[in-house]
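Close look at the chain arrangement
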Amino acid sequence: MVALVTTPGIVAHGVRRSFGDVHAVRNVTLEAREGAVTGLVGPNGSGKTTLMLMLASLLAPDAGDLRIGGVDPIAEPALARGILGWMPDALGAWPALTARETITVTGELYGMSREQARGRAAQLLAELGLESLADSPARVLSRGQKQKLGLARALVHNPRVLLLDEPASGLDPQARIDLRVLLRRFAAEGRTVLISSHVLSELEEVIDDAVFLVAGETVSSDRVAAAASRVRTWRIRLADRDATAAVLPVARTLGLDAGVLPTDRRDVLVGFASDADAAQALAALIGAGLPVAEFSAATSMLEHTFLDLREGPARGGTA
Amino acid sequence: MNLQRLGTIVRLELLQRVRSVAWYVLLGIFAVLLLGVTALAFTVFAAAQGFGAGVYSTVVFITLLLAVLVSPTFSGNSINGDRDAATLAPVQVTLASTGEILVGKFLAAWATGLAFAVVALPFLAIATLGGGVSPWTVVVSLVVLIVEIGVISAIGVALSGILARPLFSVATTYLVVSALTIGTLIVFLLVGSSIRTEVTSSYRVADYSGDTVVCTDEWETSTREQPRFDTVWWVLASNPFVILADATPTQFGPEGWPVDLFGQIKLGVRSTQIAPAAEEVYDECAPQVPQSQTAEEVVASTTPSWFVGLGVQIALAAGLMWWAYVRTRTPARTLPPGTRIA
C-alpha cells in the first residue's frame, strides 16, 4: 500500500458544546480526509447538527480545537467561510425569490460579481436538474427541490470542504443517485466531504470512512472495530425450496442445530462472527451441492455497527 | 464593511418586500388616508392667508404618525423572523459579516419606511400650492422625518436581534416607540402636575365709594398651588413629534402667531420652559399693563431641545444595535435563550 500524505480537510479535537444544561456535544475528535467522503453517523439528538454548526463557523465550542482545511473557523471565520460549503438540515429558502435568484444572491454574498454569480447559478441549476424550476419562487418548490437548492447554495463558491447535514432526506431515488455521483466526483477532485445522515443504507453507498457519534461523543475506533466484529446475521436462500425446507440441509452442512436457526420469509438466517467465517460457510454450502441463490449480510456493515454501538454498554447516557 | 455585500443584503431584503401584496395594500391605505387628511386640512386652514403652511405641516405630522405606526412591523422581526424561517444562518455562513447583515437589514427597513414618505410627497406638493411654505421648513421637516423613520427602523431591527421571538420583538418595538411618543407626554403631564409650588398673590383694591379713589394700605394675600411643568419640559425633548416641531424653523404671521402646526407645537412646548412667577401682585391703585411676551419672544428666549432629543434617540438606537450585534455575532458563544442558530 502506498501511504499518501494528505492534509485532513476537517479536524476536530476534544470538542465540547453545551446549551445550558443540555450537553449537545461532549467529546468529539475526528478527522475527515481530503479526497474522501466521510459519514457522520448517529441517532437523532446525538449532536450531529451541533457539530456541523461548529464546523461551519456559526457556533463556538466551549472547548476543543477545530480546523477546516487548516483554518480555525472560530479564530478566522471569514477565511474558513471562503473554503467551506454548508448545507443545513433546515430548509430555509427566501420564499419570494426564485431558485436562480437565490443562488445568484448567495454567490454575491460570497463576493462574486453579479455576472459571475449569474453564470455560476445557471451552471449549478443545470448540474442539479433544477433548470425547469429555475424561475419559479422558492415557496412552490417541493421538499426535495428545496433540498437541491440548499445544496446549490452550499456549492456556489466552489468550496474545498463540504459539510452536508442530512442532504438526502426528501430526495427521490434518481436524485439520490445524482447526489451520490456528485459526492464521489467531489471526493475525486480532492475535496473533503462530511455528510451526516441517519439513513444508513444510503450513507453506506457513498462514504469512504465513517465517524460514529453517540450521545455527543465520537466512538473510538477500537469500539467501532469491536462492534463491527461482533456476530452479524446473513441471509441464505436456496433456489429450489422455501425456508422451512432449507433449514435442515443448511444446518447439517454448517454443523448447526436446525432447531435454533430462525427463518424470515424465504431466507434462513445464520450468524457469523466474521467475513472469513461467512466465506467458509458459503464454500461448504456450495461444496455440499446446495443451490445457493442468495447469500448476503442481513444488515449493512454500517447499520450493524451502528445498532451494536447503540445497544452496547451505555456509557454516561442521558435520561 | 464591504459595500457590494451590503448592497446585496439590502437588495435581498427589499426584493422580498416588493413582492409581497400586503406591502402594496398598506401603501394604498396610506395614500387614501393622506388624501382625506389633506382635503380636511385644506378646509381647516383655508380661512388664513398663506394657508399652505398649515396644510403642509399637518401632512408631515400625519406621515410621521403613520410611519411610526407602520415601521415596527417592517423592522421588528427582521432578524429573529429570518432565524425562525432558517434563512439567517445561510447568510451568516457566507462572507457577509454580522455588521453587514445588521446594517443591511436596517437600511432596507429604513427604505421601506421611506416609501411611505414618498407616497406622501404628492400631497406635500399640493399643500405647498396654498402658499406660505418656506423652503427651509420643507428641507428641515423632511430631513427630520427621514431621520425619525431611520431611528425607529434601527430600534426595530436591533430588538429583533436581541429578542428571540418575532412577536415579542415587534411588540417591544411598539412599546419603545410608544414610550417615546405617548410615554414622554404622560410623564410630562403627570410629573409636571405632581410637582406643585405655592404662589402668593397679593392684591389691593381701591375704594371708589367716595369722591376720590382712596387707596388703603390693606393688602390681601392668598396662596394657591400651581403645577411646575418647567421642571419636566425636557422629558418631551425625545418625543418624535416635538423634535419635528422644535427643529423646524418657525415663521410668524401678521398677528404674531406661528403660521404652521410645527410652530404652534414648538410654541406650546417652549412656553412650558418658562417658570411661573412665585408671587403675583395686583394693585388697583397702580395699574400696570400686564406684560406678556409675544410668541416670537417666547420662542427666542427659550432653549431649543430637538438636537438633545434626537441625540438621545440616536444613542438609544445605536446602543440597541450594538447589543443586537453582540447577540447575532458568529461563531456564537451564547445564544439568546430558546433560539437555535439554524
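All values reported here derive from a predicted model rather than from experimental measurement. Residue positions are given per chain, counting from 1 as you read along its sequence in written order. Whichever chain is written first is A, and whichever ligand is written first is 1; the rest continue in order. With the structure being a predicted model, the display of local features is reserved for residues of pLDDT at least 70 and the display and counting of side-chain atom pairs for 80 or more, all residues being used for whole-chain, interface and lining totals.

Details of the overall build of chain A
- Only DSSP runs of H or I covering at least 4 residues are called helices, and only runs of E covering at least 2 are called strands; the numbering of each starts at the N terminus. The secondary structure content of chain A amounts to eleven helices and 13 strands.
- Principal-axis analysis of the C-alpha atoms places the extent of chain A at approximately 70 × 45 × 45 Å.
- Note on contacts: each residue gets a C-beta atom placed from the backbone, and two residues are in contact if those atoms are within 7 Å. When contacts within chain A are restricted to residue pairs at least 6 apart in sequence, those whose partners lie at least 24 apart make up 71%.

What about the overall build of chain B?
- Each helix and strand counted, chain B has twelve helices and five strands in total.
- Our radius of gyration looks at C-alpha atoms and nothing else; its globule reference is 2.2 Å times the residue count to the power 0.38. Here the C-alpha radius of gyration of chain B, 26 Å, is well above what a compact globule of 342 residues would show, namely 20 Å.
- Summarising the internal contacts of chain B: among those between residues at least 6 apart in sequence, 83% fall at separations of at least 24.

Section: the domain arrangement of chain A
Residues and elements named next belong to chain A.
- Domain segmentation is taken from an automatic or database assignment of domains. Examined at the domain level, chain A breaks down into domain 1 (10–218) and domain 2 (229–311).
- Contact with domain 1, which involves nine residues of that partner, is made by eight residues of domain 2.
- Among the secondary structure elements, those contributing two or more residues to the side of domain 1 that touches domain 2 are α7 (200–204) and β8 (209–214).
- At four residues, α7 tops the list of elements feeding residues into the side of domain 1 that touches domain 2.
- Looking at the side of domain 1 that touches domain 2, its residues break down into seven nonpolar, one polar and one charged. Here the term charged refers only to Asp, Glu, Lys and Arg, the term nonpolar to Ala, Val, Leu, Ile, Met, Phe, Trp, Tyr, Cys and Pro, and the term polar to all other amino acids, Gly among them.

What about the interface of chain A and chain B?
- With 29 residues of chain A at the contact, the number on the chain B side is 25 residues.
- When residues of the side of chain A that touches chain B are traced back to their parent elements, those giving at least two are α2 (77–83) and α3 (99–109) of chain A.
- Tallied by class, the residues present in the side of chain A that touches chain B amount to 21 nonpolar, five polar and three charged.

Quick look at the sheet that holds strand β5 (residues 279–283) of chain B
Residues and elements named next belong to chain B.
- Pairing between two strands requires that DSSP report at least two bridges joining them. Ordered in space as β4-β1-β5, the three strands form an open sheet in which the pairing is mixed. Both outer strands of the open sheet, β4 (220–227) and β5, are each paired with one neighbouring strand and no more. Between one strand axis and the next, the sheet turns by 20° as a mean value, whatever way the strands run.
- Pairing analysis gives five bridges linking strand β1 (residues 196–204) to β5, with the strands arranged parallel. From the neighbouring strand, Thr200 faces β5, where its bridge partner is Glu279. A fitted line through C-alpha atoms represents every axis, and for helices the fit uses only the stretch in contact; the resulting angles, taken between N-to-C directions, go from 0 to 180 degrees.

Some points on the pairing of strand β5 (residues 84–87) of chain A
All names here are of chain A.
- Judged by which residues are buried, β5 turns out to be covered on both faces: Leu84 and Trp86 on one side and Gly85 and Met87 on the other are all buried.
- Of the pairings in the sheet, the one linking β5 to strand β6 (residues 161–165) comprises four bridges and is parallel in character. Paired with Gly85 across the two strands is Leu162, which belongs to β6. With C-beta atoms placed from the backbone, a residue counts as buried when 20 or more other C-beta atoms lie within 10 Å of its own, as exposed when 12 or fewer do, and as partly exposed for counts between those limits.

Observations concerning the confidence of the model for chain A
All names here are of chain A.
- A score between 0 and 100, pLDDT records how confident the predictor is in each residue. Per-residue confidence for chain A averages 87 on the pLDDT scale, and 95% of its residues sit at or above 70.
- Low pLDDT, under 50, characterises residues 1–5; the predicted model gives this stretch zero contacts beyond four residues in sequence or across chains.
- Contacts from residues 313–319, a stretch scored under 50 in pLDDT, to residues over four places away or in other chains number three contacts.

Side note on the nonpolar core
- One nonpolar core equals one set of buried Ala, Val, Leu, Ile, Met, Phe, Trp, Tyr and Cys residues connected by C-beta atoms within 7 Å. Ranked by size, the top nonpolar core spans 157 residues in total, and within it Val41, Ala152 and Leu163 of chain A together with Val59 and Ala158 of chain B carry the most contacts.
- Of all the elements, helix α6 (residues 98–128) of chain B adds the most residues to this core, at 13 residues.
- Per-domain counts for this core show at least three residues from each of domain 1 (10–218) and domain 2 (229–311) of chain A.

Structural notes on the confidence of the model for chain B
- With 97% of its residues at a pLDDT of 70 or more, chain B has an overall mean of 90.
- Interface confidence for the predicted complex, given as ipTM, is 0.83, next to a pTM of 0.87.

Concerning the sheet that holds strand β12 (residues 267–272) of chain A
Residues and elements named next belong to chain A.
- Taken in spatial order, the four strands of this open sheet run β11-β12-β10-β13, and their pairing is antiparallel. In the strand order of this sheet, the two ends are held by β11 (263–264) and β13 (292–297), each with one partner.
- Note: strand β10 (residues 232–238) against β12, five bridges, orientation antiparallel. Across the sheet, the residue bridging to Arg232 is Phe272, located in β12.
- Its contacts with the sheet put helix α9 (residues 243–254) on β10, β11 and β12, and the angle it makes with β12 is roughly 30°.
- Running over the sheet, helix α10 (residues 275–287) touches β10, β12 and β13 and is turned about 170° from β13.

Considerations on the pairing of strand β3 (residues 36–41) of chain A
Residues and elements named next belong to chain A.
- In terms of residue burial, β3 counts as a mostly covered element, since six of its six residues are buried.
- Burial of β3 is two-sided: the residues Ala36, Thr38 and Leu40 facing one way and the residues Val37, Gly39 and Val41 facing the other way are all buried.
- Bridge analysis of β3 against strand β7 (residues 192–197) gives six bridges, and the strand direction is parallel. Each residue of the ladder has a partner; that of Thr38, found in β7, is Leu194.
- Examined bridge by bridge, β3 and β8 share four bridges and lie parallel to one another.

Things to note about the environment of Val231 of chain A
Residue and element names in this part refer to chain A.
- Along the chain, Val231 falls in the loop between α8 (221–228) and β10.
- Separated by 41 residues in sequence, Val231 and Phe272 place their C-alpha atoms 5.3 Å apart.
- Residues in contact with Val231, not counting those within four places in the same chain, are Gly271, Phe272 and Ala273.

Section: unusual backbone geometry
- Look at the link from Thr330 of chain B to Pro331 of chain B: it is a cis peptide, with omega at -5°.
- Within the fold, Pro331 of chain B resides in the segment after α12 (306–328).
- The backbone phi angle of Arg265 of chain A is positive, close to 50°, even though this residue is not glycine.
- Its location among the elements puts Arg265 of chain A in the loop between β11 and β12.

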